Amino acid sequence: MPDTAEVLLQRTLINVSKLDEYVAYGRDELLEAGEDVVEHAVSGENGMRKLQEAMKILIKTKEKLHGYQKSVERIKTQWKNGELGEDSNLSEILEADIKAKEEELENTDLFQHDYMTSFIAQMQSIKQDAPLLTSAGDIECVSEETTAKKCPITQTTMVHPVQNILCKHRYEQEAILAHIKQCSRRRKAAKCPFPGCKSNVEATNLKDVK
């Protein structure tokens, strides 16, 4: 790895730092939007849930950025110490670290992250009974009636519902098949799109709901 590559790695770290600033800005925007929902009853419970889902995406982005940053810093250190040479495949190292971080996030309770706990605290400071999800368990307790009628992908009433025999969640048939196909193209296992669910979903695991 020539010296110029080390300079590029340093520039990468600077860019990651800038992206982290954008994530922090996004967090502030979600906090402001949440205040509007609570104070002016804008969009109600559904609006708040969408904001919390957006916050979860922001948390994952932030943690992935931090994981990438640590990986680059480690590679720089290993290069300086002679642990890596010009024949080292840095791309593979980075990809492996990113994949490990993504797997870690799959098993992380995002409701315990500082971004989410501060969001919940700020909304409750405005209105104690604000329509918030305060734990991953709350997501699993969404009423059966709502789950049975509304597709988590299209967010509309299902016309031809199918059920995942693994987790029992239901989806609009056309939407879930498109989801599975898209994941297959990316060579990724399709996950149940229901918020908080970690089950896989395959076409062979779907059954018609009469």
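What counts and what doesn't
- Residues numbered from 1 in each chain as written.
- Predicted model: local features only at pLDDT ≥ 70, side-chain atom pairs only at ≥ 80, totals over all residues.
- Heavy atoms only, no water.
- Helix = DSSP H or I, 4+ residues; strand = E, 2+ residues; numbered from the N terminus.
- Buried < 20%, exposed > 50% of the residue type's maximum accessible area, 1.4 Å probe, protein only.
- Core = buried A, V, L, I, M, F, W, Y, C linked by side-chain atoms within 4.5 Å.
- 1 Å grid on protein atoms, 1.4 Å probe; cavity = no way out; pocket = protein on both sides within 12 Å on 5 of 7 lines; lining within 4 Å.
- Points joined across faces, edges and corners; volume = space filled by probe spheres on them.
- Nonpolar A, V, L, I, M, F, W, Y, C, P; charged D, E, K, R; others polar.
- Patch = residues over 30% accessible without salt bridge, like charges linked within 9 Å, V, L, I, M, F, W, Y side chains within 5 Å.
- Areas by Shrake-Rupley, 256 points an atom, 1.4 Å probe, with all protein chains shown as cover.
- Salt bridge = Lys/Arg side-chain N within 4 Å of Asp/Glu carboxyl O.
- Lys, Arg positive; Asp, Glu negative; His and termini not counted.
- Charge placed at Lys NZ, Arg CZ, Asp CG, Glu CD.
- Pairing = 2+ DSSP bridges.
- pLDDT = per-residue confidence, 0-100.
- Contact = heavy atoms within 4.5 Å.
- Axes fitted to C-alpha atoms, helices over the stretch in contact; angles between N-to-C directions.

**Quick look at unusual backbone geometry**
Phase 1 of the analysis: Backbone geometry places Lys168, a non-glycine residue, at a positive phi of 75°.
Phase 2 of the analysis: Within the secondary structure layout, Lys168 lies in the loop between strand S1 (161–164) and strand S2 (170–172).
Phase 3 of the analysis: With a phi close to 60°, Arg187 is a non-glycine residue in the positive phi region.
Phase 4 of the analysis: Tracing the chain through its elements places Arg187 in the loop between helix H7 (173–185) and strand S3 (206–208).
Phase 5 of the analysis: Looking at Arg187, the relative accessible area reads 81%, which means it is exposed.

**So, the nonpolar core**
Soluble, globular proteins show a tendency: their nonpolar side chains are buried together.
Phase 1 of the analysis: If you look at the biggest cluster of nonpolar residues, it comprises 22 residues, and the most contacted ones within it are Met48, Met55, Phe119, Met123 and Leu132.
Phase 2 of the analysis: Taken together, the elements giving at least two residues each to this core come down to helix H1 (3–40), helix H2 (44–80) and helix H4 (114–126).
Phase 3 of the analysis: Tyr171, Ala175, Cys192 and Val201 belong to the second-largest nonpolar core, a separate cluster that totals 15 residues.

**A closer look at empty space enclosed by the protein**
Phase 1 of the analysis: For the coordinates displayed, the defined rule picks out one cavity of 30 Å³ or more.
Phase 2 of the analysis: A volume near 30 Å³ is recorded for the largest cavity.
Phase 3 of the analysis: If you trace the largest cavity, you find it lined by Lys64, Gly67, Tyr68, Asp97, Ile98 and Lys101.
Phase 4 of the analysis: Residue classes in the lining of the largest cavity are distributed as two nonpolar, one polar and three charged.

**Details of a negative patch on the surface**
Phase 1 of the analysis: Among the surface-exposed residues, Asp28, Glu29, Glu32, Asp36 and Glu39 lie close enough to one another that they form a single negatively charged patch.
Phase 2 of the analysis: For Glu32, the position within the fold is in helix H1.
Phase 3 of the analysis: Residue classification places Glu32 among the partly exposed positions, given a relative accessible area of 47%.

**Considering the pairing of S1**
Phase 1 of the analysis: Burial along S1 is two-sided: Pro161 and Gln163 and Val162 and Asn164, pointing in opposite directions, are all buried.
Phase 2 of the analysis: Here S1 folds back onto S2, and the loop between the two strands holds five residues, one of which, Lys168, carries a positive phi near 75°.
Phase 3 of the analysis: Bridge count for S1 against S3 is three bridges, and the pairing is antiparallel. When the sheet's bridge partners are listed, Val162 is paired in S3 with Asp208.

**Examining the confidence of the model for the protein chain**
Phase 1 of the analysis: A residue-level look at the protein chain finds 89% of positions with pLDDT of 70 or above and a mean pLDDT of 83.
Phase 2 of the analysis: Below a pLDDT of 50 lies the segment residues 140–144, which in the model reaches three contacts outside its immediate sequence neighbourhood of four places, other chains included.

**Considerations on the sheet that holds S3**
Phase 1 of the analysis: If you trace the three strands from one edge of the open sheet to the other, you get S2-S1-S3, paired in antiparallel fashion. The open sheet is flanked by S2 and S3, the only strands paired with a single partner. Across this sheet, the average inter-strand angle for adjacent strands is 40°, counted without regard to direction.
Phase 2 of the analysis: Where H7 meets the sheet, its contacts fall on S1, S2 and S3, and the angle it forms with S2 comes to roughly 95°.

**Examining the layout of surface pockets**
Phase 1 of the analysis: If you add up the space inside the second largest pocket, you get close to 180 Å³.
Phase 2 of the analysis: Forming the boundary of the second largest pocket are Glu63, His66, Gly67, Lys70, Ser71, Arg74, Asp97, Ala100, Lys101 and Glu104.
Phase 3 of the analysis: Elements supplying a minimum of two residues to the lining of the second largest pocket: H2 and helix H3 (90–106).
Phase 4 of the analysis: Here the residues of the lining of the second largest pocket are counted per class, giving one nonpolar, three polar and six charged.

**Things to note about the pattern of salt bridges**
Phase 1 of the analysis: For the structure shown, the criterion picks out six salt bridges.
Phase 2 of the analysis: Taking the shortest distance from any N to any O, the salt bridge between Asp20 and Lys62 comes out at 3.5 Å. Of this pair, Asp20 sits in helix H1 while Lys62 sits in helix H2, and the two are 42 residues apart along the sequence.
Phase 3 of the analysis: Residue classification places Lys62 among the buried residues on the basis of a relative accessible area of 12%.
Phase 4 of the analysis: Glu63 is paired through a salt bridge with Lys101; the nearest N and O atoms lie 3.9 Å apart. Here Glu63, found in helix H2, pairs with Lys101, found in helix H3; they are 38 residues apart in sequence, far enough to count as distant.
Phase 5 of the analysis: Through salt bridges that share partners, Glu63, Lys101 and Glu104 make up one connected network.

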